[in-house]
Amino acid sequence: MDSAGAKLTPSLQTGQPVSIRKRAKSRLASSGAWYAYLFISPMVLGYIIFLLVPIVAAFGMSFTNYSLLHDTEYVGLDNYEKAFLNDPLFWKTVWNTLYFSAGLIPLNLMLALGLALLLNRKIPGISLFRTAIFTPVVTSIVVWAIVWKYIFATDAGLINQILLLFNIQGPAWLYNFSLAMPVVIVVSVLKNVGLNMVIFLAALQEVPKMYYEAAKIDGASRMRTFWNITFPMISPAFFLALILTLIGSLKVFSQIQVMTDGGPGTSTYVLVYYIYQQAFKQFEFGYASSIAFILFFLVLILTIVQWNMRKRWVHHEQ
């Protein structure tokens, strides 16, 4: 058969010209694309209506004095100037937020890594311990905070009742200026440590066993094995946990609201709680929006810094 006959063979076999078949395939692909758009449209519309539009509206609101108590006027950068130059409570709130993050992040990561190393073993009942540690992650944060508020209660709290057994008078944990924030940090760590533990545990189970066998043959100690093999191999997972924990610590609100309500005084005021106070207590939505975007840029800057520093200690990146 000559070349011309070979070219006509497909259309002769199907009884349709090649051009008609191509148009039919094009229509089919087009209809398939519309089906795909139809399926993702609820998510896209929800993202636009409930996330993108409010963000844009809040950003515009941050340049006004929008309030339920007076007429709205455009004020430019006055809200940001007020926050940075004329509001001492704002800086107190920023300090408290960084204090909370500085206490929670290392404690959470170290405890999660230690638990992951302990639970990365094949022993009877290990799944029960893993489940018990992870269960608080899926527990309501409000319920968790209420329970711990009663545990740290001054008179009838479990902690102080245990201390009384040893003739120790427990302090007023949540009403002490120097103890309230550490208590909230500990409660927050216990609530979310299971999530990072699962991340580390999954990373540990992916480390090839041959590396440990080689280290054992070379006579490496456990500490040397950890720093030279285990940590470099799980460093991407550690970086992920670090980013998630940092962002979560800067957004803390429910624990503060339920356990201390920002007190005693303003010792546990954090940025999200301060935004809530300004918006829904003082009805200063414009000023609250400006603080919200200051928090956004704070999270963005810290995330970028960590992203750029990852090359110094995160290994096995493709």
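Basis of the calculations
Residues numbered from 1 in each chain as written. Predicted model: local features only at pLDDT ≥ 70, side-chain atom pairs only at ≥ 80, totals over all residues. Heavy atoms only, no water. pLDDT = per-residue confidence, 0-100. Contact = heavy atoms within 4.5 Å. 1 Å grid on protein atoms, 1.4 Å probe; cavity = no way out; pocket = protein on both sides within 12 Å on 5 of 7 lines; lining within 4 Å. Points joined across faces, edges and corners; volume = space filled by probe spheres on them. Helix = DSSP H or I, 4+ residues; strand = E, 2+ residues; numbered from the N terminus. Nonpolar A, V, L, I, M, F, W, Y, C, P; charged D, E, K, R; others polar. Phe/Tyr/Trp six-rings, centres within 6.5 Å; stacked < 30°, edge-to-face > 60°. Buried < 20%, exposed > 50% of the residue type's maximum accessible area, 1.4 Å probe, protein only.

Participant: Before we go on, may I ask you to explain the confidence of the model for the chain in this structure?
Facilitator: Interpreting fine coordinate detail is not advised for predicted regions of low pLDDT. On average, the chain scores 88 in pLDDT, and the residues at 70 or more come to 89%. This stretch, residues 1–14, has a pLDDT under 50; its non-local contacts, to residues over four places away or in other chains, come to seven contacts.

Participant: Is there a simple way to think about the layout of surface pockets in this case?
Facilitator: Vacant regions in the atomic arrangement are exposed by a probe of water-molecule size rolled over the atoms. The calculated volume of the largest pocket comes to roughly 880 Å³. What lines the largest pocket is a set of 22 residues, among which L117, N120, R121, Y212 and T230 lie closest to the centre. When residues of the lining of the largest pocket are traced back to their parent elements, those giving at least two are α4 (88–119), α5 (126–134), α9 (209–217) and α10 (222–250). Element by element, the count of residues in the lining of the largest pocket is highest for α9, at five residues. When grouped by side-chain class, the residues that make up the lining of the largest pocket number nine nonpolar, six polar and seven charged. Considering only enclosed or pocket space, the second largest pocket measures out at about 340 Å³ in volume. If you trace the second largest pocket, you find 16 residues lining it, with N192, L244, T245, G248 and S249 closest to the centre.

Participant: Explain the packing of aromatic side chains here, please?
Facilitator: For any two aromatic rings, the description comes down to two numbers: the centre-to-centre distance and the angle of the planes. Taken as a whole and judged by the stated rule, the model has 28 aromatic pairs. Between Y66 and F285, the ring centres sit 5.9 Å apart and the planes meet at 55°, which makes this aromatic pair tilted. Note that Y66 is positioned in the loop between α2 (18–61) and α3 (78–85) and F285 in helix α13 (residues 285–309), a separation of 219 residues in sequence. Here a set of aromatic residues connected by ring pairs shows up, and it is made of Y66, F253, Y269, Y273, Y274, Y276, F280 and F285.

Participant: Just to check I follow, could you spell out unusual backbone geometry for this structure?
Facilitator: Most peptide bonds take the trans form, and the phi angle of most residues other than glycine is negative. With an omega of -5°, the peptide bond running from G263 to P264 counts as cis. Secondary-structure assignment places P264 in the loop between α11 (254–259) and α12 (271–280). A positive phi angle, close to 60°, is found at N167, a residue other than glycine. With a relative accessible area of 75%, N167 lands in the exposed category. One non-glycine residue, D261, lies in positive phi territory at about 55°.

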